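Overview (structure and organization)
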Amino acid sequence: MVANAPTVASGKHTVYAGPVINPTTSTHFDILPNCLIVVDPKGNIERLIENLPHGSELQNALAQIGIPDGRYSLVTLEHGEFIMPGLIDTHIHACQLPNLGLGGDHGLLDWLEKYTYPTERKFSEIDYAARIYPEIVKRIIDSGTTTSCYYGTLHLEATKLLADIVRSKGIQSQKCNMDRNCPSYYIEPSAHVSLETTKLLVAHIQNLPQSSAGEPLVHPVITPRFAISCTEQLLTGLKEYVETNPHIAIQTHISENQQEVKKTMELFPDCTSYAGVYDKYKLLRSNTILAHGVYLTDEEMKLIAQRGAGVSHCPASNFYLGSGMARVTKLLEYGVKVGLGTDVSGGNSPTVLYAIQMASNTSKMVAILPNEGGKKFDVAMLLYLATLGGAEVCCLQDRIGSFKEGKAFDALLVNVRDDSEEVLKEWLERFFFCGDDRNIRQVIVQGSVIGGRGRQG
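Residues numbered from 1 in each chain as written. Predicted model: local features only at pLDDT ≥ 70, side-chain atom pairs only at ≥ 80, totals over all residues. Heavy atoms only, no water.

As for the overall build of the chain
The helix and strand tally for the chain stands at 15 helices and 16 strands. Over its C-alpha atoms the chain spans a radius of gyration of 22 Å, differing by no more than 12% from the 23 Å that the globule rule assigns to 457 residues. For the C-alpha atoms alone, the extent of the chain along its principal axes is close to 70 × 50 × 40 Å. The buried share of the chain, reckoned over its 457 residues, is 62%. Intrachain contacts of the chain at a sequence separation of at least 6 include 73% that bridge at least 24 residues. Summed over its atoms, the accessible surface of the chain is roughly 17,500 Å², and 49% of this surface lies on carbon and sulfur atoms. (Helix = DSSP H or I, 4+ residues; strand = E, 2+ residues; numbered from the N terminus. Rg over C-alpha atoms; globule rule 2.2 N^0.38 Å. Buried < 20%, exposed > 50% of the residue type's maximum accessible area, 1.4 Å probe, protein only. Contact = heavy atoms within 4.5 Å. Areas by Shrake-Rupley, 256 points an atom, 1.4 Å probe, with all protein chains shown as cover.)

Describing the sheet that holds strand β12 (residues 310-313)
What the five strands build is an open sheet, ordered β9-β10-β11-β12-β13; its pairing is parallel. Looking along the sheet, the strands with just one partner apiece sit at the ends: β9 (221-222) and β13 (337-340). (Pairing = 2+ DSSP bridges.)

Description of a nonpolar patch on the surface
Residues F319, M365 and I368 make up a contiguous nonpolar surface patch of roughly 290 Å² in combined accessible area. Note on M365: relative accessible area 39%, which makes it partly exposed. (Patch = residues over 30% accessible without salt bridge, like charges linked within 9 Å, V, L, I, M, F, W, Y side chains within 5 Å. Salt bridge = Lys/Arg side-chain N within 4 Å of Asp/Glu carboxyl O.)

Regarding unusual backbone geometry
Cis peptide bonds are those with omega within 30 degrees of zero, and the linkage from V344 to S345 qualifies with 5°. Residues other than glycine seldom take positive phi values, yet D343 does so here, at roughly 50°. With respect to the helices and strands, the residue D343 is situated in the loop between β13 and α12 (352-367). Assessed through its relative accessible area of 4%, D343 is described here as buried. Positive phi is not limited to glycine here, since C395 has a value of about 60°. Topologically, C395 is positioned in the loop between α14 (388-393) and β14 (411-415).

Quick notes on the nonpolar core
In this structure, F82, M84, Y133 and F432 are the most contacted members of the largest nonpolar core, which totals 110 residues. Non-local contacts of Y133, meaning those with residues more than four positions away in its chain, are made with A94, C95, F123, G152, T153, A158, L162 and I165. C35, V39, I45 and A411 belong to the second-largest nonpolar core, a separate cluster that totals 17 residues. (Core = buried A, V, L, I, M, F, W, Y, C linked by side-chain atoms within 4.5 Å.)

Side note on the packing of helix α4 (residues 156-166) against helix α5 (residues 191-206)
Taken N-terminus to C-terminus, the directions of α4 and α5 make an angle of 20°; their axes are 10 Å apart at the nearest point. Taken together, α4 and α5 sit at an angle that is classed as roughly parallel. Crossing of α4 over α5 shows right-handed handedness. Taken together, the residues of α5 that come into contact with α4 (itself represented by L156, T159, K160, A163 and D164) are T197, L200, L201, H204 and I205. The residue inventory of the contact of α4 with α5, partitioned by class, reads five nonpolar, three polar and two charged. (Axes fitted to C-alpha atoms, helices over the stretch in contact; angles between N-to-C directions. Parallel < 35°, antiparallel > 145°, perpendicular 65-115°, else oblique. Left-handed = near helix turned anticlockwise from the far one by under 90°. Nonpolar A, V, L, I, M, F, W, Y, C, P; charged D, E, K, R; others polar.)

Focus: the environment of N34
For N34, the location among the structural elements is in strand β2 (residues 29-39). Among the polar contacts listed, one links the side chain of N34 to the backbone oxygen of L52, at a separation of 2.7 Å. (Polar contact = N/O pair within 3.5 Å; in protein donor to acceptor, adjacent residues only side chain to side chain.)

Points about the pattern of salt bridges
Any two side chains of opposite charge can pair if their charged atoms end up close together. What the rule picks out here adds up to 16 salt bridges. Here E120 and R225 are joined by a salt bridge, their closest N and O atoms 2.8 Å apart. Here E120, found in helix α2 (residues 108-121), pairs with R225, found in the loop between β9 and α6 (232-244); they are 105 residues apart in sequence, far enough to count as distant. Accessibility classification places E120 together with R225 in one group, the buried group. Taking the shortest distance from any N to any O, the salt bridge between R307 and D279 comes out at 2.7 Å. Of the two residues, R307 sits in helix α9 (residues 298-307) while D279 sits in helix α8 (residues 274-280), which places them 28 residues apart along the sequence. Judged by relative accessible area, D279 falls into the buried class, the value being 17%.

Topic: the packing of α5 against α6
The N-to-C vectors of α5 and α6 enclose an angle of 30°; their axes lie 9 Å apart at closest approach. Considering how the two elements wind past one another, α5 and α6 form a crossing that is right-handed. Contacts between α5 and α6 involve A191, S194, L195, K199 and V202 on the former and, on the latter, Q233, L234, G237, L238 and Y241. Of the residues contributing to the contact of α5 with α6, the split by class is six nonpolar, three polar and one charged.

Some points on helix α3 (residues 126-142)
Over its 17 residues, α3 extends 24 Å from the first C-alpha to the last, a length consistent with the 24 Å expected when each residue adds 1.5 Å. Along α3, the sharpest change in direction is near 25° and occurs at I132; proline P134 comes one to four residues later. The positive-phi residue at the C-terminal boundary of α3 is G144, with phi of around 105°. (Expected span 1.5 Å × (residues − 1). Bend = angle between axes of the 7 residues up to and from the residue.)

Describing the side chain of D179
Locating D179 in the fold gives a position in the loop between β8 (172-174) and α5. One buried charged side chain, D179, makes no salt bridge at all; its nearest oppositely charged neighbour is R180, positioned 5.6 Å away. Among the polar contacts listed, one links the side chain of D179 to the side chain of T231, at a separation of 2.7 Å. Dropping the residues within four chain positions of it, D179 is found in contact with I187, E188, S190, A191, S229, C230, T231 and L234. (Lys, Arg positive; Asp, Glu negative; His and termini not counted.)

Concerning α12
Along its 16 residues, α12 runs 22 Å from first to last C-alpha, staying within 8% of the 22 Å computed at 1.5 Å per residue. Where α12 is concerned, the buried positions are V352, L353, A355, I356, Q357, M358, A359, S360, T362, S363 and V366. Where α12 starts, the residue carrying a side-chain oxygen 3.0 Å from the main-chain nitrogen of L353 turns out to be T351.

Written out as structure tokens, the structure reads:
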């Protein structure tokens, strides 16, 4: 999209000098007050010098690693600024942003019928999609999200348009598969049509231009909306398709709401669990993203871990629709990959920062429940879930989620506008719990500035 074209100088390196926060695990992150990150013209991290000696001259340091003066653009951070990896939203419905903040007094299934499906129906009109989607994507980017797993609607042309819009943003996108238990005005006519339009969208996304680094920025994702909305014929067709395309990710919902779980088991009486439904159709694998997981049993958690699938923790939505509280500590103990999702518009905010805050609150509530053994999340855990954990859920941890030589430079340049002498860790904590888009000076994807308050143009 022209309005978000890259602004990095062509053919030059970009050098960032100043404080850096870099997650390593769910229990630790590196605090680097005097760091140097050298980004090559393709947007990859060429060098990461964690600790420049005090008093060392920048030009000499760069010359020593083969980057002479005049061959780079320098970004020097001011006091109160730091760089951290971009936020990763592992579950968001782009088509639901017009519905934001409505229907919070309803449970999931009623909310879908009364608010969500009527809103999504509007995207059958391509002119409506063309008017709405660019502003949606811009708002999400400016909130600090550098990678999103977007759900589109069931409409092929509108979702192709969404993919085109987000192409330069490093975002995953897919139309929903849904051929039963949906309103007559918003349902696919058959499993065959659902499968064929999915294949057309996958082909469209795979033919989009690659990044300057020679890799796709938009990845297709197979998206059975949830088990309730898919016939066994459709699930069988998806099973056959994903078995021949093991590299294509899968995303869906699971165990979000008690009524949903009950209805799922009624529709699939031969399965012993909700996770077992997806497993029956070979939809549980290492690149599967399962949203919510509030009512997963221990046995289901074990199965998900065995298959290598991940869970998108959507605490804002779980609270807003009164669905419940996911046992994230238990998921991690079983070895399940976990990231954060905004789940707009079940979640009432499109920013991952709000998901961070709600994840913190959820952990505190679960920790005081009897027999749960949960832990209150500290800053290290919250940072991990919002960055590296999300990258692992998306199977993109080799490219994004943290800073390492060879990885793509997806980052936020944050300004906490603080004149105090607080340590860098406290700047991060202040940003998580008090910050918003006004604190984000730059949003960077593959080395290119695509959003933020400091972006020009």
